[in-house]
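What follows is each chain in one-letter form.
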Amino acid sequence: MKFSLLALSTAATLGGIDAFLAAPQQPRLSTSALAGYGIGSWNKKSSPSSSSGGGAAVASRNPWDDANKANTVSKSDAFVKNPVTTKKSYGLGSWNKSSAPTAGSVVAPSAANGGCPFHANYDAIREELKLIMDNPSWDDGSLAPIFLRLAWHSSGTYDAATGTGGSNGAGMRFQNEAADPENAGLAPARAFLEPVKRKFPEISYSDLWILAAYVGLEVTGGPVIEFQPGRVDHPDESYWEQMSYGRLPAAEKYCCPHLDDNNVSSSLDETGKVKGWEGLCTHVRNEVFYRMGFNDQEIVALLCGGHVYGRCHPNASGYAGPWVENMTQFSNEYATDMIEDEWTLVSHGDTWLDEQGSAELRPAPGNRQFVNQKKGVKSDDPNQMMLLSDMILAWDPDFRPILEMYAEDEDKLKVDFGAAFKRLTELGCGFP
């Protein structure tokens, strides 16, 4: 990829974020919802190497090494705390206010611009999405994880009994759905896609969000999923009258209360499982995935394939750190690590994580998660975490054999995850 082309694409993305922030029809961004997601300042250390075709040689950067990982997380926090000042130097190349589109240039959510799937050039849109997918200044160097989460959360509201929810409609453009606590931190993902929507107004937001996830999976070694267009955007927020919060999975629902930051181990039973995990398992299995029509194997495939990507941010979800070491590439590492690694339950009060170089694994106050580090034991292992809702796959006697199968067979996981994710993203769309 040419440096000049990448710089151009990122500059366009910045303009989209600026307009997205200013557009009155969009849900307003808030620090509490977005902290931990954003773009930091550009500097020579984070520029592509000359081998990327950018002409003059500049210093190379590996966004996955520990120093740069910490730097990117820090810059992300800085962006969302003060987006007006930090976005001036955001991304690749320079930016100034005069180059930003006006609020009126953003395609507003309305019936008139809901997209016409039969006239969109999906090959061209795919190529445009590929241009913006790699971004060294974003989290761990790729937008694929946050696009995947956007598609998942826009689709995971489907209810088979009522036929409501799902990816059709792109309801997260409106305040009620955007304000779901489980959707915290997704406004930047939508903003990154605004320039693509402006360039290709014939595609609906609903289709664009799903296609961006498909392309993200494809360029990161995941399954290649055949895209079915035809989703139609909600013209207004009246659809919410039939919706409700609580359709997306909550990481600790029904588990025993978290009472003492200084004695989080009291949450564990004699087998090392969190007390009340059975209720959490019922929530994930019955209240979320069975409600949409998935079976146990599809549930495990979706979690194993989806949570291999990206990381949690304490100022967005309340949890902290990546699930796996290589969080921008598809693999079965999530399944293998859950089975093979030793996991320690921690809370915000476990400041020993900071002292041992694992501050990125300390969740927000009131939250608990498992980490692959031990107090007083110096480890060279990369920092990783698992949510309580992840660990039920290892604890539940019906989920466990499926988890073990995927830990042994990455190719099967890729096939099964691709099929399940396609189904998830097409629920409620009325496709044949």
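None of the values given here were measured: they were computed from a predicted structure.

**Describing the overall build of the protein chain**
Then step 1. The helix and strand tally for the protein chain stands at 17 helices and five strands.
Then step 2. Burial status across the protein chain gives 57% buried among its 432 residues.
Then step 3. At a minimum sequence separation of 6, the contacts of the protein chain that also span at least 24 residues come to 74%.
Then step 4. Split by element, the accessible area of the protein chain, about 17,200 Å² in all, is 52% carbon and sulfur.

**Description of the nonpolar core**
Then step 1. Grouped together as the largest cluster of nonpolar side chains are 95 residues, with contacts concentrated most on Ile125, Leu129, Phe147, Tyr334 and Phe421.
Then step 2. If one sorts the elements of this core by residue count, helix H10 (residues 205-219) sits on top with 10 residues.
Then step 3. With near-sequence residues (within four places) excluded, Phe147 lies in contact with Ile132, Met133, Ala189, Phe192, Leu193, Trp209, Ala212 and Ala213.

**Looking at the sheet that holds strand E3 (residues 344-347)**
Strand pairing in a sheet takes place through backbone hydrogen bonds and is either antiparallel or parallel in direction.
Then step 1. Reading across from one edge, E3-E4-E5 is the order of the three strands in this open sheet, with antiparallel pairing throughout. Looking at the sheet topology across the chains shown, the edges are occupied by E3 and strand E5 (385-386).
Then step 2. Where helix H15 (residues 388-395) meets the sheet, it contacts E3, strand E4 (368-371) and E5, and its direction lies at approximately 55 degrees from that of E4.

**A few points about the pattern of salt bridges**
Then step 1. Enumeration according to the criterion identifies 17 salt bridges in this entry.
Then step 2. A salt bridge links Asp296 to Arg285; the shortest N-O distance between them is 3.1 Å. Remark: Arg285 occurs in helix H11 (residues 277-292) and Asp296 occurs in helix H12 (residues 296-306); sequence separation between them is 11 residues. As far as the burial class goes, Asp296 and Arg285 line up, both buried.
Then step 3. Where Glu342 meets Lys374, a salt bridge forms, and the shortest distance between an N and an O atom there is 2.5 Å. With a gap of 32 residues between them, Glu342 in the loop between helix H13 (333-340) and E3 and Lys374 in the loop between E4 and E5 connect regions that are remote in the sequence.
Then step 4. One continuous salt-bridge network, built from bridges that share partners, spans Asp140, Arg311 and Glu360.

**Remarks on the pairing of E4**
Then step 1. Residues Arg368 and Phe370 line one face of E4 and the alternating positions Gln369 and Val371 line the opposite face, and both faces are buried.
Then step 2. Here four bridges tie E3 to E4, and the two strands are oriented antiparallel to one another. What sits directly across from Thr344, in E4, is Val371.
Then step 3. Relative to E5, E4 is paired through two bridges, and the arrangement is antiparallel. When the sheet's bridge partners are listed, Phe370 is paired in E5 with Met386.

**A short note on the packing of aromatic side chains**
Given two aromatic rings, their pairing is described by the distance between the two centres and the angle made by the two planes.
Then step 1. Evaluated as defined, the whole model comprises 13 aromatic pairs.
Then step 2. When the ring of Trp240 is compared with that of Tyr245, the centres are 5.2 Å apart and the planes differ by 55 degrees; the resulting orientation is tilted.
Then step 3. Cluster of aromatic residues (ring-pair linked, three or more members): Tyr122, Trp152, Tyr214, Phe227, Phe330, Phe417 and Phe421.
Then step 4. Looking at Lys197, its charged tip hangs above the ring of Tyr205, at a distance of 5.0 Å from the centre.
Then step 5. Note that Arg423 overlies the ring of Phe294, its terminal NZ or CZ placed 4.8 Å from the centroid.

**Brief notes about the packing of H15 against helix H16 (residues 399-408)**
Then step 1. At their nearest, the axes of H15 and H16 sit 6 Å apart, and the two run at 95 degrees to each other. Classified by the interaxial angle, the pair formed by H15 and H16 is roughly perpendicular. Seen from H15, the contacting residues are Ile392, Leu393 and Ala394; seen from H16, they are Phe399, Arg400 and Leu403.
Then step 2. Grouping the constituent residues of the contact of H15 with H16 by class yields five nonpolar, no polar and one charged.

**Re H11**
Then step 1. Compared with the 22 Å implied by 1.5 Å per residue over 16 residues, the 22 Å span of H11 between its first and last C-alpha is a close match.
Then step 2. Taking the largest bend as the criterion, H11 deviates by roughly 25 degrees, centred on His283.
Then step 3. Within H11, burial applies to Trp277, Leu280, Cys281, His283, Val284, Arg285, Val288, Phe289, Arg291 and Met292.
Then step 4. Those residues of H11 that are buried are in contact with helix H6 (144-155), H12, H15, H16 and helix H17 (410-426).
Then step 5. Once H11 ends, the next one or two residues include Gly293, with phi positive near 105 degrees.

**Here we look at the side chain of Glu128**
Then step 1. Mapping Glu128 onto the fold places it in helix H5 (residues 122-133).
Then step 2. What Glu128 contacts, discounting residues up to four positions off in sequence, is Val196, Lys199 and Phe200.

**A word on a negative patch on the surface**
Then step 1. Side chains of Glu340, Glu408, Asp409, Glu410 and Asp411 sit close together on the surface and give a patch of like negative charge.
Then step 2. When you line up the elements, Asp409 lands in the loop between H16 and H17.

**Things to note about H16**
Then step 1. Regarding H16, the residues found buried are Phe399, Ile402, Leu403, Tyr406 and Ala407. Considered in projection along H16, the buried side chains sweep an arc of 145 degrees and stay on one side of the axis.
Then step 2. The inward-facing, buried residues of H16 abut H11, H12, H13, H15 and H17.

**Let's talk about unusual backbone geometry**
Then step 1. Here Asp139, not a glycine, exhibits a phi torsion of approximately 45 degrees, which is positive.
Then step 2. Topologically, Asp139 is positioned in the loop between H5 and H6.
Then step 3. Positive phi, normally seen in glycine, also occurs at Tyr254, with a value near 70 degrees.

Reading guide: rules and limits
For every chain, the first residue of the written sequence is number 1, and numbering continues from 1 onward in sequence order. Note on the predicted model: pLDDT of at least 70 is required for a residue's local features to be given, and 80 or more for side-chain atom pairs to be given and counted; whole-chain, interface and lining totals, by contrast, use all residues. Where side-chain values are given, they derive from all heavy atoms of the structure, hydrogens and water being excluded. Only DSSP runs of H or I covering at least 4 residues are called helices, and only runs of E covering at least 2 are called strands; the numbering of each starts at the N terminus. Categorising residues by exposure relies on relative accessible area from a 1.4 Å probe, with only protein chains included: less than 20% of the type maximum marks a residue as buried, more than 50% marks it as exposed, and the intermediate range marks it as partly exposed. Note on definitions: a residue-residue contact is assigned when non-hydrogen atoms from the two residues lie within 4.5 Å. Here the open area of atoms and residues is found with the Shrake-Rupley method and a 1.4 Å probe, where only the protein chains shown may cover a residue. Grouping buried Ala, Val, Leu, Ile, Met, Phe, Trp, Tyr and Cys residues that are joined through side-chain atoms within 4.5 Å yields what is termed a nonpolar core. Only strands that DSSP links by at least two bridges are regarded as paired with each other. Between the N-to-C directions of two axes lies an angle of 0 to 180 degrees, each axis being a line fitted to C-alpha atoms and, for a helix, fitted only over the stretch in contact. Salt bridges, as used here, are contacts in which a Lys or Arg side-chain nitrogen is within 4 Å of a carboxyl oxygen on Asp or Glu. Stacked, tilted and edge-to-face are the three classes assigned to paired rings of Phe, Tyr and Trp, where Trp is represented by its six-membered ring and a pair needs centres within 6.5 Å; plane angles under 30 degrees give stacked, over 60 edge-to-face, the rest tilted. The criterion is that NZ of a Lys, or CZ of an Arg, lies within 6 Å of the ring centre and within 35 degrees of the ring normal, and then a charge sits over that ring. Working definition: roughly parallel below 35 degrees, roughly antiparallel above 145 degrees, roughly perpendicular at 65 to 115 degrees, and oblique for all remaining angles. Charged residues are taken to be Asp, Glu, Lys and Arg, nonpolar residues to be Ala, Val, Leu, Ile, Met, Phe, Trp, Tyr, Cys and Pro, and polar residues to be all remaining types, Gly included. The span expected for a helix works out to 1.5 Å for each residue beyond the first. What we call the bend at a residue is the angle made by axes fitted to the seven residues finishing there and the seven residues starting there. A patch is a set of surface residues, each over 30% in relative accessible area and not in a salt bridge, joined within 9 Å for like charges and within 5 Å for the nonpolar side chains Val, Leu, Ile, Met, Phe, Trp and Tyr. Residues counted as positive are Lys and Arg, residues counted as negative are Asp and Glu, and His and the chain ends are not counted. Here the site of a charge means NZ on Lys, CZ on Arg, CG on Asp, or CD on Glu. Here, the arc refers to the directions that run from the helix axis to the C-beta atoms.

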